[in-house]
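Listed here are the chains, written in short residue letters.
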Amino acid sequence: MLQGKKVILGITGSIAAYKSAILARMLMQEGAEVRVVMTPSSVEFITPLTLSTLTDHPVYYQMQENQSWTNHVSLGLWADLMLIAPCTATTLSKMANGMSDNLLLAVFLSARCPVMISPAMDVDMWHHKSVQRNIATLQRDGHILLPVGTGKLASGLTGEGRMAEPADIVAAVDQFFSRSQDLKNRKILITSGPTREAIDPVRCISNRSSGKMGAALAKACLERGAEVTVVSGPVPKDIYPAGASVRWVEDAREMLGECKKYASSSNWVIFAAAVADYRPIESVKSKIKKTENELQLTLVKNPDISTEIASQKQSGQVMIGFALETENEMHHAKQKLHTKKLDCIVLNSLRNDGAGFETETNQVSLISADGEVVEIALKSKEEVARDIVSYFISKFIQ
């Protein structure tokens, strides 16, 4: 039930806007308070009067009405959730790029609440690379994308792109609010990305980690109500979702230092970073010139961050590691799990197509200290992250 939940229903200029009337009514029947915000083009598809009658409140679609300014900031602060259904390709593009040329977009940019998006467009538009790029940007920003339906479209074509059915959207909203409390008042520390161990001012020892799995985990934890801190090596600044507190580091020793600041106050620590095992014994101050046929480097071991932090584990804390293996995967992962005294370890195998570094997908095995093994099939890293977090909640929260 959505009793007392405050929902902004955003409507854009799509033929699917007729479903929004049904959606508004169903949300209210579940107990939600609904305020409707429309784009100027959407009023060509469904009238504000219809939606105002259904919700028993004024419908907003102009920045100024009757010589009075519509306060988009107060609307954005009022809501517990902003739901944009249907959301056209045009509005997706504007949202992804921070544009604000209508009231709905102004409310979106002012909203402090989670944002849920239900796209609606023709099949070729849906699959266009620019649309998918905008969707990926919005997901990285922490917004929730609802799956599109498949069927006959307004163009007469059949395929993906239909707005989800109102009943499915209401179910997703209901699930969101029920799940969003799972990790409320819990602090989660996540390490993410690679480290760079300097050889000289321009060269380093590093690895292929993109930080995408750590970012997906941060987003999944935020969705469940957690307070998330990420300690990240060098990856693009915009990869992490809004709401996560990010601490940037370069090398393993810096990452350990930052982790020590937050680990003791965290309920969960998730070691998802790909930390370099070794570093040059000395990083020279000037660029090494190419003078010889060979260059010899002496390497020393880096601190093992998960081992060091887990050794100071407090009662009730949960420590979760990641293992990326290429052979005897299960054996090595279990060995790390017990040696490092972790509660669970997430195993990646580079032998699985679509898993590991620099991919949009992943396939993992979850191995807990009590011997349980759970397999998560190949899917997007965001979906894998949600499955991982759901497992941790079922395993470690009574």
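Preceding block: the structure.
Note that the coordinates shown come from a computational prediction; the quantities given were computed from them, not determined experimentally. (Residues numbered from 1 in each chain as written. Predicted model: local features only at pLDDT ≥ 70, side-chain atom pairs only at ≥ 80, totals over all residues. Heavy atoms only, no water.)

Our next topic: the packing of helix H4 (residues 89-96) against helix H5 (residues 103-110). Interhelical geometry of H4 versus H5 gives an angle of 40° and a closest axis separation of 11 Å. The angle between H4 and H5 falls in the class oblique. Crossing hand, H4 versus H5: right-handed. For the pair H4 and H5, the contacting residues are Thr91, Lys94 and Met95 in the first and Leu104, Leu105 and Phe108 in the second. Class assignment of the residues belonging to the contact of H4 with H5 gives a composition of 4 nonpolar, 1 polar and 1 charged. (Axes fitted to C-alpha atoms, helices over the stretch in contact; angles between N-to-C directions. Helix = DSSP H or I, 4+ residues; strand = E, 2+ residues; numbered from the N terminus. Parallel < 35°, antiparallel > 145°, perpendicular 65-115°, else oblique. Left-handed = near helix turned anticlockwise from the far one by under 90°. Contact = heavy atoms within 4.5 Å. Nonpolar A, V, L, I, M, F, W, Y, C, P; charged D, E, K, R; others polar.)

We now examine the nonpolar core. In terms of nonpolar packing, the biggest core is built from 36 residues, with Leu183, Ile190, Leu217, Trp268, Ile270, Ile388 and Phe392 touching the most fellow members. Counting residues per element, the ones that place at least two in this core are strand S10 (187-192), helix H9 (212-223), strand S13 (227-232), strand S15 (268-271), strand S18 (318-325), strand S19 (344-349), strand S20 (361-368) and helix H13 (381-396). What isoleucine 190 contacts, discounting residues up to four positions off in sequence, is Gly214, Leu217, Ala218, Cys221, Val228, Thr229, Val230, Val231, Ile270 and Ala272. Ranked by size, the runner-up nonpolar core spans 32 residues in total, among them Leu23, Leu51, Ile169 and Phe176. (Core = buried A, V, L, I, M, F, W, Y, C linked by side-chain atoms within 4.5 Å. Buried < 20%, exposed > 50% of the residue type's maximum accessible area, 1.4 Å probe, protein only.)

Here we come to the packing of H9 against H13. Axis angle and axis distance: for two packed helices, these are the angle between their axes and the distance between the axes, and together they describe the pair. Put simply, H9 and H13 touch, their axes get as near as 8 Å, and they point 55° apart. One element, H9, and the other, H13, form an angle in the oblique class. Crossing handedness for the pair H9 and H13: right-handed. Contacts from Lys212, Met213, Ala216, Leu217, Lys219, Ala220, Cys221 and Glu223 of H9 reach H13 at Lys381, Glu382, Val384, Ala385, Arg386, Ile388 and Val389. Looking at the contact of H9 with H13 residue by residue, the class counts come to 9 nonpolar, no polar and 6 charged.

Bringing the sheet that holds strand S5 (residues 81-87) into the picture now. Spatially, S2-S1-S5-S6-S7 is the arrangement adopted by the 5 strands of the open sheet, whose pairing is parallel. Each edge of the open sheet is held by one strand with a lone partner, namely strand S2 (33-38) and strand S7 (144-145). Summarising the sheet, strand S1 (residues 6-11) and S2 pair through 6 bridges and their orientation is parallel. By the bridge assignment for S2, glycine 10 is matched with valine 37. (Pairing = 2+ DSSP bridges.)

The subject of this paragraph is unusual backbone geometry. The peptide bond linking alanine 85 to proline 86 adopts the cis configuration, its omega dihedral lying at 0°. Residue position: proline 86 is located in strand S5. For asparagine 185, which is not a glycine, the phi torsion comes out positive at approximately 70°. Its place among the elements puts asparagine 185 in the loop between helix H8 (166-179) and S10.

Where a strand is regular, its side chains alternate between the two sheet faces. For S13, a buried count of 5 out of 6 residues is recorded, marking the element as mostly surrounded by other parts of the structure. As paired elements, S10 and S13 share 6 bridges and run parallel to each other. Opposite threonine 191, over in S13, you have valine 231 as the bridge partner.

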